[in-house]
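One letter stands for each residue in the lines below.
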Amino acid sequence: MSVKSLKFGVAAALAIFSAPMASAQEALSPDEMAALCHGGGSICVSATIPVVRSAQALQSWMSPDVGAAWAAGYKGKGVTITMVDDFSSSDRFSGNFGVGVQTQRHGEWTREEASMIAPAATIRSKDFSTGTSVSLARGLNVLNLSYGMYTTAGYSVNQIWWAPEEASIISYATKGSAIVSKAAGNDAVAVGGVTGGQQDYLDLALIGKPTAIFVGALSTNGTTTNKAQLARYSNYAGSNAAVQSHFLVVGVEGDKTGLYGTSFAAPIISGYAAIIGSKFTKATPVQITNDLLNTARTDTLANYDPSIYGKGEASLSRALAPVAIH
């Protein structure tokens, strides 16, 4: 069974709570034009994408931990984040990450978000419509997956024929070659659960993989005095212990950005992983993954339950606190 044909439209499904789409006839900015894929090229955009003009300005939707990390000199330098997403469709929608209202494709939004969290990281963009293998750069790699692969429920993962793109991602997560930050989904079901008679088989294929992290959305960044709750749309960890142990949540403050969905939770974890990698420069993807998971907070969450929140709310300050990680 192939799920390749069902990828189109999935990005939009993971961002269904975003602002209304704009006309596809709107003129493209130079960066948007650079993001278009041609032919079967694997990497659609090089590392030379201009950094968003206010990339190092802490925005109100970010956790204060991000500003503290920057002040300590950790901004993602030496780490490559590859965004596997939509960079070539006509679908665009509007939002504002604090730098003014923009109308962009799904991948352009997730890319911008990751680059704002980790402004010194190298950002690469891989259009998921090509189906070609995802290549890794030298050094630490983080792969951001703000999409899913859905087809009729009831198959085993072994029955799925994966295109080279997803096959490479699953292989990297299995071998621990790259950190994979996967949006949990917006159906308010457990990761890997059935919705509308379908399942996200990319979720299922990544369960139990050492460097795969499933990322759910909180309606706000949590604090000990103002505890956060899971966003009403977000998928949750569920009863599977293998999912719970690799599930994190972060605040997606759509009331400030106009952008809702776990699509915008995954890039925050991708940025956190890059920041951590810029401090612990000798750490492996497995070590950084475990650092993120093992330092998550539960005291900032309302009625913490591992079946809902997994390991808890990602804490960049706690993940950066050790002198070394092993």
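Our structure's up above, just so we're on the same page.
Residues numbered from 1 in each chain as written. Predicted model: local features only at pLDDT ≥ 70, side-chain atom pairs only at ≥ 80, totals over all residues. Heavy atoms only, no water.

## Looking at the overall build of the protein chain
Working step 1: Along the protein chain, the regular secondary structure elements total twelve helices and eleven strands.
Working step 2: Every one of the 326 residues in the protein chain was classed for burial, and the buried ones make up 56%.
Working step 3: Taking as baseline every contact in the protein chain between residues at least 6 positions apart, the subset at least 24 positions apart corresponds to 77%.
Working step 4: When the accessible surface of the protein chain is totalled, it reaches about 12200 Å², and 53% of it is carbon and sulfur. (Helix = DSSP H or I, 4+ residues; strand = E, 2+ residues; numbered from the N terminus. Buried < 20%, exposed > 50% of the residue type's maximum accessible area, 1.4 Å probe, protein only. Contact = heavy atoms within 4.5 Å. Areas by Shrake-Rupley, 256 points an atom, 1.4 Å probe, with all protein chains shown as cover.)

## Topic: the layout of surface pockets
Empty space among the atoms becomes apparent when a probe as large as a water molecule is rolled across them.
Working step 1: Approximately 250 Å³ is the volume found for the second largest pocket.
Working step 2: For the second largest pocket, the lining is made up of 19 residues, of which Ser63, Pro64, Asn221, Gly222 and Glu313 are closest to its centre.
Working step 3: Among the secondary structure elements, those contributing two or more residues to the lining of the second largest pocket are helix 3 (64–71) and strand 10 (247–251).
Working step 4: Partitioned by chemical class, the residues of the lining of the second largest pocket number five nonpolar, nine polar and five charged. (1 Å grid on protein atoms, 1.4 Å probe; cavity = no way out; pocket = protein on both sides within 12 Å on 5 of 7 lines; lining within 4 Å. Points joined across faces, edges and corners; volume = space filled by probe spheres on them. Nonpolar A, V, L, I, M, F, W, Y, C, P; charged D, E, K, R; others polar.)

## A closer look at helix 9 (residues 266–279)
Working step 1: Counted at 1.5 Å a residue, the expected span for helix 9 with its 14 residues is 20 Å, and the 21 Å between its end C-alpha atoms agrees.
Working step 2: Of all 14 residues that make up helix 9, 13 are buried, and the element is covered over most of its length. (Expected span 1.5 Å × (residues − 1).)

## Observations concerning the sheet that holds strand 4 (residues 122–127)
Working step 1: Read from one edge to the other, the open sheet built from seven strands follows the order 4-1-5-7-9-10-11, with strand pairing classed as parallel. Strand pairing shows two members of the sheet lacking a second neighbour, strand 4 and strand 11 (312–313), which therefore form its edges.
Working step 2: As paired strands, strand 1 (residues 79–85) and strand 4 are joined by six bridges and run parallel to one another. Following the sheet pairing, Val84 is matched in strand 4 by Lys126.
Working step 3: Here helix 9 sits on the sheet in contact with strand 1, strand 5 (140–145), strand 7 (179–183), strand 9 (212–218) and strand 10, set at roughly 175° to strand 5. (Pairing = 2+ DSSP bridges. Axes fitted to C-alpha atoms, helices over the stretch in contact; angles between N-to-C directions.)

## Some thoughts on the nonpolar core
Working step 1: Among the nonpolar cores identified, the biggest contains 51 residues, and Ile81, Ile269 and Tyr272 are the most heavily contacted of them.
Working step 2: Per-element tally for this core: the top contributor is helix 9, with seven residues.
Working step 3: Setting aside residues up to four positions removed in sequence, Ile269 forms contacts with Ser181, Ile213, Val215, Leu248, Val250, Leu292 and Ala314.
Working step 4: Phe128, Met149, Tyr201 and Ile207 belong to the second-largest nonpolar core, a separate cluster that totals 33 residues. (Core = buried A, V, L, I, M, F, W, Y, C linked by side-chain atoms within 4.5 Å.)

## Some thoughts on the side chain of Lys209
Working step 1: The topology assignment puts Lys209 in the loop between helix 6 (201–206) and strand 9.
Working step 2: Put simply, Lys209 is tucked away with no salt bridge, and the nearest opposite charge, on Asp203, sits 12 Å away.
Working step 3: Not counting residues up to four positions away in its chain, the partners in contact with Lys209 are Ile170, Ala173, Thr174 and His246. (Lys, Arg positive; Asp, Glu negative; His and termini not counted. Salt bridge = Lys/Arg side-chain N within 4 Å of Asp/Glu carboxyl O.)

## Overview of the packing of helix 4 (residues 106–117) against helix 9
Working step 1: As a packed pair, helix 4 and helix 9 sit with axes 8 Å apart at the nearest point and diverge in direction by 35°. With respect to the hand of their crossing, helix 4 and helix 9 are arranged in right-handed fashion. Between helix 4 and helix 9, the residues in contact are Thr110, Glu113, Ala114 and Ile117 and Pro267, Ile268, Gly271, Tyr272 and Ile275, respectively.
Working step 2: Looking at side-chain class alone, the contact of helix 4 with helix 9 contains six nonpolar, two polar and one charged residues. (Left-handed = near helix turned anticlockwise from the far one by under 90°.)

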